[in-house]
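The chain contents come next:
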Amino acid sequence: KAGVTQTPRYLIKTRGQQVTLSCSPISGHRSVSWYQQTPGQGLQFLFEYFSETQRNKGNFPGRFSGRQFSNSRSEMNVSTLELGDSALYLCASSGSTGVDTQYFGPGTRLTVL
Amino acid sequence: GENVEQHPSTLSVQEGDSAVIKCTYSDSASNYFPWYKQELGKRPQLIIDIRSNVGEKKDQRIAVTLNKTAKHFSLHITETQPEDSAVYFCAAKAGNTPLVFGKGTRLSVIA
């Protein structure tokens, strides 16, 4: 089975711009979660989508949004980028139950200048 | 919501020694506890997980123990090797709530 994939792998943007990141889950997985990883804060939960519905949301401002398509692929969008948004954005896919293993993608490294 | 504390933040051991990383969680409803290993520049990878109906699980040199009464769980790595050097994250989850991670432990195995 192919693993979780994310595109693009690297992005450089300037303050005020917006960005869209994409995540393709493992075939058959219906849940996609997004995390922001920074050296000081570790892995922080952004949101989770399950069957095209947002099931959980983390403590991030409304500039961070996401969606999931009928094929379970997910996108996250960050509008009005700030310097502090520079981070590694990871998505993880899992099956349908709460105790299913989450498998991570390679991440998108976002740099905001 | 859930809060996961992880200690120590850095750990250095001699090759062949054991390493222990400890985590505590706050939500007594948590029932799933995975451990991830992240090597430099790579994605986090699951190394072992435990569900709340068992107290211990072992996979070769890696073991995890869970104490639900005290709300803590630990990762034990025996006979450490240089390739065990990485950042290790514990996490906890209750049902369909989000997976909450500890802040990580940087393990260095010195040859």
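Residues numbered from 1 in each chain as written. Chains lettered and ligands numbered in written order. Predicted model: local features only at pLDDT ≥ 70, side-chain atom pairs only at ≥ 80, totals over all residues. Heavy atoms only, no water.

*Asks:* Mind laying out the overall build of chain B, listing which residues take part and the relevant values?
*Replies:* Within chain B, the regular secondary structure consists of 0 helices and 11 strands. Beginning at the N terminus, the succession of helices and strands in chain B can be written as β-β-β-β-β-β-β-β-β-β-β. For a compact globule of 111 residues, the expected C-alpha radius of gyration is about 13 Å, and chain B comes in at 13 Å, within 12% of that figure. A total of 111 residues make up chain B; the buried ones form 43% of that total. Considering only contacts in chain B between residues 6 or more positions apart, those separated by 24 or more positions represent 52%. Total accessible area computed for chain B in this model is approximately 5600 Å², and 47% of it derives from carbon and sulfur atoms. With 13 positive and 12 negative side-chain charges, chain B shows a separation of 6 Å between the mean positions of the two kinds. (Helix = DSSP H or I, 4+ residues; strand = E, 2+ residues; numbered from the N terminus. Rg over C-alpha atoms; globule rule 2.2 N^0.38 Å. Buried < 20%, exposed > 50% of the residue type's maximum accessible area, 1.4 Å probe, protein only. Contact = heavy atoms within 4.5 Å. Areas by Shrake-Rupley, 256 points an atom, 1.4 Å probe, with all protein chains shown as cover. Lys, Arg positive; Asp, Glu negative; His and termini not counted. Charge placed at Lys NZ, Arg CZ, Asp CG, Glu CD.)

*Asks:* Tell me about the interface of chain B and chain A, residues and numbers included.
*Replies:* Opposite the 18 residues of chain B that make contact, chain A presents 22 residues. Between chain B and chain A lies a buried interface of about 1700 Å² when both sides are counted; carbon and sulfur atoms form 53% of it. At the boundary of chain B with chain A, the tally comes to 0 salt bridges. Put simply, chain B and chain A have 7 residue pairs in polar contact (both at pLDDT 80 or more) between them. (Buried area = accessible area lost by both parts, 1.4 Å probe. Salt bridge = Lys/Arg side-chain N within 4 Å of Asp/Glu carboxyl O. Polar contact = N/O pair within 3.5 Å; in protein donor to acceptor, adjacent residues only side chain to side chain.)

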